[in-house]
Amino acid sequence: MLRGKRVIVTGASSGIGEQMAYHLARMKSHILITARTEAKLQKVVERCLELGAASAHYVSGSMENTAFAEEVVKEAEIAWGGLDMLILNHIGYSYLGYFNGDVGHIRKLLETNFLSYVAMTVSALPMLKESKGSIIVVSSVAGKVGIPFIAPYSATKFALDGFFSSLRQEFITDYVNVSITLCVLGLIDTETAMKTLSHVTRKTAAPKEECALEIIKSGALRQRELYYPYLTTRSLLFFPDWAPDFLDSLIRNGFKVENIKRT
Ligand SMILES: NC(=O)C1=CN([C@@H]2O[C@H](COP(=O)(O)OP(=O)(O)OC[C@H]3O[C@@H](n4cnc5c(N)ncnc54)[C@H](OP(=O)(O)O)[C@@H]3O)[C@@H](O)[C@H]2O)C=CC1
Ligand SMILES: C[C@H](CCC(=O)O)[C@H]1CC[C@H]2[C@@H]3C(=O)C[C@@H]4C[C@H](O)CC[C@]4(C)[C@H]3CC[C@]12C
């Protein structure tokens with residue numbers, strides 16, 4: 001499906017991003033991965049080459065700084081002379097708890113989780129227009145409906161939907177043949193999520209390996225949105241228009257509120 005295609009995956013030193021890199025390797029793509037932890041990136045690149053990647057490289061750095069986001073795209077241009085798929089996946093650290101009034105944290109998280117996505121898109125667009133490529137934006141149920149105890153994170157995910165859904169409209173109007181796929185994910189069994197959530201949620205997590213493959217497939221098929229796991233995420237989003245208060249209570253019941261800390 002993506003044999004020989006040139007793909008950037010951000011946030012690929014662990015979790016869903018790491019699994020996406022491995023699926024792309026099995027599909028014999030050219031892969032450029034990025035995150036902060038160089039040691040982890042090296043191991044993922046080695047594994048990608050073992051799995052059959054056409055090529056695999058990494059760039060380590062923090063997306064808190066949009067200049068780094070632009071540098072990653074520049075690396076792809078130097079290495080490949082073009083780009084077919086941009087998978088925007090990374091997130092910065094945020095707390096799970098009642099909103100603590102820290103506006104500076106929201107500003108920093110918007111830099112990492114939102115503005116770096118915009119900066120990479122701006123830098124990559126000329127190459128993606130050339131290749132008639134794809135942009136995949138990894139978001140969350142928390143970017144579509146109000147989920148308690150993750151207000152800063154949720155704000156950044158809602159921002160992604162607003163910006164990329166608007167940009168998709170402009171691409172259609174302007175005959176720009178670059179697809180934008182927004183991935184709306186429920187709880188996924190990544191180490192970070194399980195560490196953060198295990199003591200406070202009654203939810204069962206979906207497998208990160210399958211999630212990663214579904215994300216890649218949705219982008220390759222140029223789908224508008226992906227809902228994964230489909231039943232839980234799609235059903236949740238059925239309620240906002242018809243029974244918003246019922247939806248809110250359903251989501252709150254998914255948490256062991258007594259275990260939520262006040263930061
Ligand atoms: N897991 C879940 O339940 C859900 C996940 N999602 C979404 O899926 C995506 C992946 O989540 P998941 O795999 O769980 O996350 P992980 O925490 O497992 O991975 C996050 C990745 O981002 C990197 N990262 C963290 N901080 C920075 C930074 N400042 N600059 C650059 N890279 C950074 C991490 O590497 P390093 O630390 O080395 O920089 C890591 O590779 C996210 O967009 C998330 O919102 C959506 C809904 C549910
Ligand atoms: C429990 C929520 C699902 C609601 C439902 O009733 O199905 C999860 C939906 C989104 C999850 C959060 C998310 O988007 C990723 C965050 C990233 C961090 O790695 C830690 C976990 C998250 C806070 C995660 C928590 C579960 C959800 C809110």
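Computed from a predicted model, the values in this text were never measured in an experiment. (Residues numbered from 1 in each chain as written. Chains lettered and ligands numbered in written order. Predicted model: local features only at pLDDT ≥ 70, side-chain atom pairs only at ≥ 80, totals over all residues. Heavy atoms only, no water.)

## Considerations on the site of ligand 2
Moving on, step 1. The environment of ligand 2 is made up of Ile91, Ser140, Ile147, Ile150, Tyr153, Leu187, Thr192, Ala193, Thr196, Leu197, Lys203 and Leu236.
Moving on, step 2. At 2.6 Å, a side-chain N or O of tyrosine 153 approaches an oxygen atom of ligand 2.
Moving on, step 3. Within the side chain of lysine 203, a nitrogen or oxygen atom sits 3.4 Å from an oxygen atom of ligand 2.
Moving on, step 4. Alone, ligand 2 offers 570 Å² of accessible surface; in the complex the protein occludes 88% of this.
Moving on, step 5. With 4 residues, the single largest contributor to the shell around ligand 2 is helix H6 (residues 191-197).
Moving on, step 6. When its residues are assigned to classes, the shell around ligand 2 shows 8 nonpolar, 3 polar and 1 charged. (Near = heavy atom within 4 Å. Polar contact = N/O pair within 3.5 Å; in protein donor to acceptor, adjacent residues only side chain to side chain. Areas by Shrake-Rupley, 256 points an atom, 1.4 Å probe, with all protein chains shown as cover. Helix = DSSP H or I, 4+ residues; strand = E, 2+ residues; numbered from the N terminus. Nonpolar A, V, L, I, M, F, W, Y, C, P; charged D, E, K, R; others polar.)

## Examining the packing of aromatic side chains
Moving on, step 1. Counted by the stated rule, this structure contains 4 aromatic pairs.
Moving on, step 2. Taking the centre distance of 6.1 Å and the plane angle of 80° together, the rings of phenylalanine 114 and phenylalanine 163 count as edge-to-face. Residue phenylalanine 114 is located in helix H4 (residues 103-131), and its partner phenylalanine 163 is located in helix H5 (residues 151-173); the two are separated by 49 residues in the primary sequence.
Moving on, step 3. When its relative accessible area of 15% is taken as the criterion, phenylalanine 114 is described as buried.
Moving on, step 4. Through pairs of rings, three or more aromatic residues link up here, namely Tyr98, Phe149 and Phe255.
Moving on, step 5. Taking the ring centre of tyrosine 98 as reference, the NZ or CZ of arginine 262 above it sits at 3.9 Å. (Phe/Tyr/Trp six-rings, centres within 6.5 Å; stacked < 30°, edge-to-face > 60°. Buried < 20%, exposed > 50% of the residue type's maximum accessible area, 1.4 Å probe, protein only. Lys NZ or Arg CZ within 6 Å of the ring centre and 35° of its normal.)

## Some words on the site of ligand 1
Moving on, step 1. Near ligand 1 lie 31 residues; those nearest to it are Arg36, Thr37, Asn89, Tyr153 and Thr192.
Moving on, step 2. With respect to ligand 1, the backbone of isoleucine 16 contributes an N or O atom lying 2.9 Å from an oxygen atom.
Moving on, step 3. Within the backbone of asparagine 89, a nitrogen or oxygen atom sits 2.8 Å from an oxygen atom of ligand 1.
Moving on, step 4. Taking 880 Å² as the accessible area of ligand 1 by itself, protein coverage stands at 92%.

## A look at the pattern of salt bridges
Moving on, step 1. Overall, the coordinates contain 7 salt bridges when judged by the stated rule.
Moving on, step 2. A salt bridge links lysine 74 to glutamate 77; the shortest N-O distance between them is 3.3 Å. A residue pair is termed a helical-turn pair when its members lie 3 or 4 positions apart in one helix, as lysine 74 and glutamate 77 do in helix H3 (residues 66-80) at 3 residues.
Moving on, step 3. The exposure class assigned to lysine 74 is partly exposed, which follows from its relative accessible area of 46%.
Moving on, step 4. Given the relative accessible area of 37%, glutamate 77 is considered partly exposed.
Moving on, step 5. Glutamate 209 serves as the salt-bridge partner of lysine 208, at 3.7 Å between the closest nitrogen and oxygen.
Moving on, step 6. A residue is classified by how much of its surface remains accessible, and glutamate 209, at 34% relative accessible area, is partly exposed.
Moving on, step 7. Each of Lys144, Asp161 and Glu225 takes part in a single network of salt bridges with overlapping partners. (Salt bridge = Lys/Arg side-chain N within 4 Å of Asp/Glu carboxyl O.)

## Considering the nonpolar core
Moving on, step 1. Ranked by size, the top nonpolar core spans 52 residues in total, and within it Ile8, Met120, Val137 and Phe164 carry the most contacts.
Moving on, step 2. Elements represented by at least two residues in this core include exactly H3, strand E4 (85-88), H4, strand E5 (134-140), H5, strand E6 (179-185) and helix H10 (244-252).
Moving on, step 3. Looking at which element gives the most residues to this core, the answer is H4, with 10 residues.
Moving on, step 4. When near neighbours in sequence (up to four residues on either side) are disregarded, valine 137 contacts Leu88, Tyr117, Leu160, Phe164, Ile180, Thr181, Leu182 and Cys183. (Core = buried A, V, L, I, M, F, W, Y, C linked by side-chain atoms within 4.5 Å. Contact = heavy atoms within 4.5 Å.)

## Observations concerning the environment of asparagine 89
Moving on, step 1. Structurally, the position occupied by asparagine 89 is in the loop between E4 and H4.
Moving on, step 2. Along the chain, asparagine 89 and asparagine 113 lie 24 residues apart, while their C-alpha atoms are 8.6 Å from each other.
Moving on, step 3. When residues no more than four places from it in sequence are discounted, the contact partners of asparagine 89 are Thr10, Gly11, Ile16, Gly17, Met20, Tyr117 and Val138.
Moving on, step 4. A polar contact of 3.0 Å, which involves the side chain of asparagine 89, links it to the backbone oxygen of glycine 11.

## So, the pairing of strand E2 (residues 30-35)
Moving on, step 1. With 5 of 6 residues buried, E2 is to be regarded as a mostly interior element.
Moving on, step 2. Bridging between strand E1 (residues 6-10) and E2 involves 5 bridges; their strand directions are parallel. Across the sheet, arginine 6 pairs through a bridge with histidine 30, a residue of E2.
Moving on, step 3. You can see the chain leave E1, run along helix H1 (residues 15-26) and come back into E2, and the turn it takes is right-handed.
Moving on, step 4. Alignment of E2 against strand E3 (residues 55-60), held across 6 bridges, turns out to be parallel. Looking at the pairing, leucine 32 lines up with histidine 57 of E3.
Moving on, step 5. Read from E2 through helix H2 (residues 38-50) to E3, the crossover connection turns out right-handed. (Pairing = 2+ DSSP bridges. Right-handed = clockwise from strand over helix to strand, strands pointing away.)

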